[in-house]
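Results of the structural survey
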Amino acid sequence: QVQLVESGGGLVQPGGSLRLSCAASGFSFSNYAMRWHRQAPGKERELVAAITNVGGSPNYADSVKGRFIISRDNAKNTVYLQMNSLKPEDTAVYCCNAARMGRERWYNYWGQGTQVTVSS
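Presented here is an overview of the structure given in this document. (Residues numbered from 1 in each chain as written. Predicted model: local features only at pLDDT ≥ 70, side-chain atom pairs only at ≥ 80, totals over all residues. Heavy atoms only, no water.)

Right, let's talk about the state of the cysteines for a bit. What makes a disulfide is a covalent bond joining the sulfur atoms belonging to two cysteines. Tallying each qualifying case throughout the model produces one disulfide. In this model C22 forms its disulfide with C96; the gap between the sulfur atoms is 2.0 Å. Every disulfide takes its handedness from the sign of the S-S torsion; for C22 and C96 that torsion is 50°, giving right-handed. Linking C22 in strand β3 (residues 18-25) with C96 in strand β9 (residues 92-101), this pair joins segments that are 74 residues apart in sequence. (Disulfide = S-S within 2.5 Å. Helix = DSSP H or I, 4+ residues; strand = E, 2+ residues; numbered from the N terminus.)

Our next topic: the environment of L81. Summarising the element assignment, L81 is placed in strand β8 (residues 78-83). Accessibility expressed as a relative area gives 0% for L81, which makes it buried. Separated by 31 residues in sequence, L81 and A50 have C-alpha atoms that sit 9.8 Å apart. For L81, the residues in contact, after removing those within four places along its chain, are L18, R19, L20, W36, V48, A49, F68, I69, I70 and Y94. (Buried < 20%, exposed > 50% of the residue type's maximum accessible area, 1.4 Å probe, protein only. Contact = heavy atoms within 4.5 Å.)

The next point concerns unusual backbone geometry. At S57, a position not held by glycine, the phi torsion is positive, near 50°. When you line up the elements, S57 lands in the loop between β5 (46-51) and β6 (59-60). S57 gets classed as exposed once you look at its relative accessible area, which sits at 52%. Residue S85 is not a glycine yet carries a positive backbone phi of 50°. Position of S85 among the secondary structure elements: in the loop between β8 and β9.

Here R72 is to be found in strand β7 (residues 68-73). Polar side-chain contacts of R72 include one of 2.8 Å to the backbone oxygen of T52. There is a polar contact of 2.7 Å between the side chain of R72 and the side chain of N74. With residues near it in sequence (within four places) discarded, R72 still touches F29, S30, Y32, A33, M34, I51, T52, N53, G55, T78, V79 and Y80. (Polar contact = N/O pair within 3.5 Å; in protein donor to acceptor, adjacent residues only side chain to side chain.)

Further remarks concern the pairing of strand β10 (residues 106-110). Strand direction decides the pairing type here: β9 and β10, joined by five bridges, are antiparallel. The residue bridging A98 from the neighbouring strand is Y109, located in β10. Counting the residues that bridge the hairpin from β9 to β10 gives four residues. (Pairing = 2+ DSSP bridges.)

Pairs may arise between side chains of opposite charge once their charged atoms sit close together. Within the structure shown, the criterion is met by four salt bridges. Residue R38 pairs with E46 through a salt bridge whose shortest N-O separation is 2.8 Å. A cluster of three or more residues bridged by salt bridges with shared partners is formed by R38, E46, R67 and D90. (Salt bridge = Lys/Arg side-chain N within 4 Å of Asp/Glu carboxyl O.)

What follows is the structure, given as structure tokens:
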């Protein structure tokens, strides 16, 4: 059974930091690129950060570049999102996503998400 379980969300003051984790099971984690997305109320889902299956070529949305860091530990089947200098506009539900291109289609798995609230 495929599972992606996020943790580490919560309430933090502006300027603070949080580290999100996403623990994967039920599939070959090291074969999948991993992504963090977020969705705020009334807004479309936004791709925040992505990393290749071997941990290279991290990419970030302009809105988080220089503040967020994506990393992964294939030995622990876990991807992380270190979020620094948080702003109120970072408030959203953050979800992790595993993606792999097969012969004919993409394979995508999603977690349930974890709430991040940035407020004083």
